[in-house]
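# A closer look at the structure
Residue-level listing of the chains:
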Amino acid sequence: MKKRNLGNKGFQVSEVGLGCWQIGANWGNEIEKEKAFSILKEAVDSGITFFDTADVYGDGRSEKLIGEFLKSIDVDIKVATKFGRNANVYPNNYTEQSLRESVEASRRRLQVDQIDLVQLHCIPIEELKKGVIFDWLRTLQREGKIKHFGASVESIEEGLLCLEQEGLLSLQVIYNIFRQQLTTELLPEAYAKGVGIIVRLPLASGLLTGKFTKETVFLETDHRNFNRDGAFFNVGETFAGLPFEKGVELSNELKTLCPEDMSMVDLALRWILDHKEVSTIIPGASSDKHVIGNARSSDLHPLSPKLMQTLEEFYCSNVHDNIRGAY
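Residues numbered from 1 in each chain as written. Predicted model: local features only at pLDDT ≥ 70, side-chain atom pairs only at ≥ 80, totals over all residues. Heavy atoms only, no water.

## Observations regarding unusual backbone geometry
- Of note, the bond from Tyr-90 into Pro-91 is cis; its omega dihedral lies within 30 degrees of zero at 10 degrees.
- Take Pro-91: it is sitting in the loop between β5 (78–83) and α4 (96–110).
- In this structure, Ala-204 is a non-glycine residue whose phi angle is positive, near 50 degrees.
- As for its placement among the helices and strands, Ala-204 is situated in the loop between β9 (196–200) and α10 (223–226).
- Non-glycine residue Phe-239 carries a positive phi angle of around 55 degrees. (Helix = DSSP H or I, 4+ residues; strand = E, 2+ residues; numbered from the N terminus.)

## Quick notes on the packing of aromatic side chains
- Across all of its chains, the model carries twelve aromatic pairs by this definition.
- Centroid distance Tyr-175 to Trp-271: 5.0 Å. Interplanar angle 45 degrees. Geometry classified as tilted. Of this pair, Tyr-175 sits in the loop between β8 (168–174) and α8 (182–185) while Trp-271 sits in helix α12 (residues 264–273); the two residues are 96 residues apart in sequence, bridging distant segments of the chain.
- By the ring-pair criterion, three or more aromatic residues cluster together here, those being Phe-212, Phe-218, Phe-239 and Phe-244.
- A cation sits over an aromatic face here: Lys-78 above Phe-11, 5.5 Å from the ring centre.
- Here Lys-276 stacks its cationic end above the ring of Tyr-191, 5.1 Å away from the centre of that ring. (Phe/Tyr/Trp six-rings, centres within 6.5 Å; stacked < 30°, edge-to-face > 60°. Lys NZ or Arg CZ within 6 Å of the ring centre and 35° of its normal.)

## What to know about the pairing of strand β7 (residues 146–152)
- Counted residue by residue, β7 has six buried out of seven residues, so it is predominantly covered.
- Relative to β7, strand β6 (residues 115–121) runs parallel, the two being bridged by six bridges. Bridge pairing links Leu-120 to Ala-151 in β7.
- Note that β7 and β8 share four bridges and pair parallel. (Buried < 20%, exposed > 50% of the residue type's maximum accessible area, 1.4 Å probe, protein only. Pairing = 2+ DSSP bridges.)

See the structure below:
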């Protein structure tokens, strides 16, 4: 597993991290503690040194499992968590006290004195424009409660607003073959300012595995069912903003461009890693097998310039006009 720096003033992370929404299990099938620990152990054994979670994943369950697991091993794993989507604060009750309470609760669940990275969790753009929440984060940083702060954003506009803030370590963004607009409009700005890029939804909620059909059915509790049209949160967080049936069609078209020695997952993850601005990708996993398949992308050869150009043209001509939601 290769390593990259998370921002100019941050720390090293594995190119492939682990998104820990799924082990929190507040959507889909609940992952039992034993299985969650197995997934986390496989991640560590595969060279993954960066876990991404949030206070709302399973109402704190994801953080708690990570905290318990890390106490059982002697490996330096960096953990990023998030604040801002809890029902007590979202969408218009952001205060310094609520941030402090959230950070304290996350510290307890993660069993750490100092959190490696706290990210604003897709908070309303009005709060980003006010900017005062970043002052609160800087105060917590000076107090030693958090080591670094960043922001998870939904749109290029939000990302650019965050880049104006002194001390911002990282931006977490939705970026994949089906969602390429950031390539020219945000990534270069972040890179120039020494801000790391964490990529979520690298497989577009599974569309880029190439395994779905139009008849695929998801559980009622799965966001790929209840949020596929943005009924509960930004539609871009589900299937990268594509209508499901259209996404399946595009995935099938993409298969024809996949090199013979690569799977669709290989192609999707390697495409992201071939952008120097990216620090790490955080695909989720519901099994050890998923972890192993995701981690191997770090060791794959870069895609050819010709294929990179073809994939850009595929996005521009086939995908772009079908994307919905803030972007």
